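Given next are the chains, with one letter for each unit.
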Amino acid sequence: MQIQTGKPGQRARAVAAVLVLAWSAAAIAADAVSVSNPWVRATVPGQSVAGAYMDITAKANAALVAAESPVAAKVELHTMTMDGGVMKMRAIEKLELPANTTVSLRPGGYHMMLIDIKRELKAGERVPLKLTVQERKGAKSTLQVNAEVRAATGSGHMRHEK
Ligand SMILES: [Cu+2]
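Residues numbered from 1 in each chain as written. Predicted model: local features only at pLDDT ≥ 70, side-chain atom pairs only at ≥ 80, totals over all residues.

**Q** Report on the overall build of the chain, specifying residues and quantitative values.
**A** When you go through the chain residue by residue, the secondary structure sums to one helix and 10 strands. Written out in order from the N terminus, the α and β elements of the chain read α-β-β-β-β-β-β-β-β-β-β. In the chain, which comprises 162 residues, the share counted as buried stands at 20%. At a minimum sequence separation of 6, the contacts of the chain that also span at least 24 residues come to 70%. (Helix = DSSP H or I, 4+ residues; strand = E, 2+ residues; numbered from the N terminus. Buried ≥ 20, exposed ≤ 12 C-beta atoms within 10 Å, placed from the backbone. Contact = placed C-beta atoms within 7 Å.)

**Q** Which residues make up unusual backbone geometry, and what values do they have?
**A** Of note in the backbone geometry, Asn100 takes a positive phi value of approximately 55 degrees without being a glycine. Mapped onto the elements of the fold, Asn100 is located in the loop between strand 6 (95-97) and strand 7 (102-105). A count of 10 C-beta atoms within 10 Å places Asn100 in the exposed class. Located in the positive-phi region is Asp116, a residue other than glycine, with phi close to 55 degrees. On the basis of neighbour count, Asp116 is assigned to the exposed category, with 11 C-beta atoms found within 10 Å.

**Q** Explain the nonpolar core to me, and be specific about the residues and the numbers.
**A** Residues Val40, Ala52, Leu64, Leu114 and Val127 are the most contacted members of the largest nonpolar core, which totals 25 residues. Sorting the residues of this core by element identifies strand 2 (50-58), strand 3 (62-68), strand 4 (72-83), strand 6, strand 8 (111-117), strand 9 (126-135) and strand 10 (140-150) as the ones contributing at least two each. Among all residues touching Leu64, those that are not within four sequence positions of it are Ile56, Leu77, Lys94, Leu95, Leu97, Leu131 and Val133. (Core = buried A, V, L, I, M, F, W, Y, C linked by C-beta atoms within 7 Å.)

**Q** Explain the pairing of strand 10 residue by residue, including any values.
**A** Bridge count between strand 1 (residues 33-41) and strand 10: three bridges; the pairing is parallel. When the sheet's bridge partners are listed, Trp39 is paired in strand 10 with Glu148. Relative to strand 10, strand 9 runs antiparallel, the two sharing nine bridges. Across the sheet, Thr132 pairs through a bridge with Thr142, a residue of strand 10. Hairpin remark: strand 9 followed by strand 10, antiparallel, with four residues in the connecting loop; positive phi at Gly138, about 110 degrees. (Pairing = 2+ DSSP bridges.)

**Q** Please give an account of the pairing of strand 3 that cites residues and values.
**A** Two faces, one strand: in a regular strand the side chains alternate between the faces of the sheet. Pairing of strand 3 with strand 6, which is carried by three bridges, proceeds in the antiparallel orientation. Bridge pairing links Ala62 to Leu97 in strand 6. Here six bridges tie strand 3 to strand 9, and the two strands are oriented antiparallel to one another. Paired with Ala62 across the two strands is Glu135, which belongs to strand 9.

This is a description of form; function is not addressed.
This is the structure we're talking about:
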């Protein structure tokens, strides 16, 4: 009979190595997209939609394909285009995020639209947003963002008719 002292330890190390690999792959995916300066426009009582804005930078070609928030029934991706001298808003399926390019979501341009907001959003509070990003290869990952609510005034974002 042979006593194999080395084997169980080796197996345990192999399992540990696989776990570490899986962990770092997930970390890389999460790091592949960074978001800065996220904010949501404050609402007034009775207002059910609000724009959300931020700067998004992907390290590799990707696309923002969905967003959600616990404060709204749904979150849409919108673009604004000039149509006969009138700014019009249109929902888009996804927003391309070219590698190493900061895509700005801002009033008057691409933005996220919180639809059927469940309560008033007050300046200074934070609103969680969950973004779903799809890599070129099709793998999806999600990203949690805490957007600051700001009482931004002025134009730049047309009112949404419901
Ligand atoms: Cu919109």
